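Secondary and tertiary structure notes
The chain contents come next:
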Amino acid sequence: TSNAAAESFRGEMAKWVNACPTNTWLWRPNALITYRVLAPKNLARVFFNDLSLFKANGVAGYDFDNYFDNYASMGLMYYAISKAALNFDEVDYDVIFNDFCEKGFGPAASPIKEYYAHQEAVYNAAAQQPSNNEYYYVLNLDLDYLQRRLDAARELAQGNSEILARI
């Protein structure tokens, strides 16, 4: 939930893996828990990059618990985690993100990308805060902007009931 905590954790994980290289390591974050603050959030790049880093450094698997039915607010994160686990071609996050938006939202991909980009930018700013960054994140989301992005996406998807349902 903060850059400092994330860097500390990555360092600790590296120490454990290097100290016991013959062990099988599993990463089990509680990162999908949403009971404190249920708001649109985009930590997809963070999850994707961390899982890719850990896989490249000897972590054999992962267990993201708390996969609830929050696909509307967390679908991109679920997608990014799954794609990172099966990323045999080692494509970067932006390829995965564009694939999610373009295949899932077709003509409405551009405002959907902007919708998620805003969430990511606010999360990145929150992660730089020393504490209470989850609330910093929520308080600094521009919900009107997010709504306008969704409205623009709906306009571009007129006549496509499948995409409209996703939006």
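Quick look at the structure, then. (Residues numbered from 1 in each chain as written. Predicted model: local features only at pLDDT ≥ 70, side-chain atom pairs only at ≥ 80, totals over all residues. Heavy atoms only, no water.)

**Things to note about helix H5 (residues 109-127)**
Counted at 1.5 Å a residue, the expected span for H5 with its 19 residues is 27 Å, and the 27 Å between its end C-alpha atoms agrees. Three or more residues of H5 are buried, namely Ala 109, Pro 111, Ile 112, Tyr 115, Tyr 116, His 118, Gln 119, Glu 120, Val 122, Tyr 123, Ala 126 and Ala 127. (Helix = DSSP H or I, 4+ residues; strand = E, 2+ residues; numbered from the N terminus. Expected span 1.5 Å × (residues − 1). Buried < 20%, exposed > 50% of the residue type's maximum accessible area, 1.4 Å probe, protein only.)

**With respect to the packing of aromatic side chains**
Taken as a whole and assessed by the stated rule, the structure comprises 8 aromatic pairs. Seen from their ring centres, Phe 9 and Phe 54 are 5.8 Å apart, and the 75° between their planes marks the pair as edge-to-face. Residue Phe 9 is found in helix H1 (residues 3-19), and its partner Phe 54 is found in helix H2 (residues 44-56); the two are separated by 45 residues along the sequence. The exposure class assigned to Phe 9 is partly exposed, which follows from its relative accessible area of 36%. Aromatic pair Phe 100 and Tyr 116: ring centres 6.0 Å apart, planes at 70°, arrangement edge-to-face. With Phe 100 in helix H4 (residues 93-105) and Tyr 116 in helix H5, this residue pair connects regions lying 16 residues apart in the sequence. Comparing Phe 100 with Tyr 116 shows no difference in burial state: the two are buried. Put simply, the rings of Phe 48, Tyr 79, Tyr 93, Phe 97, Phe 100, Phe 105, Tyr 115 and Tyr 116 touch in pairs and so form one group of aromatic residues. (Phe/Tyr/Trp six-rings, centres within 6.5 Å; stacked < 30°, edge-to-face > 60°.)

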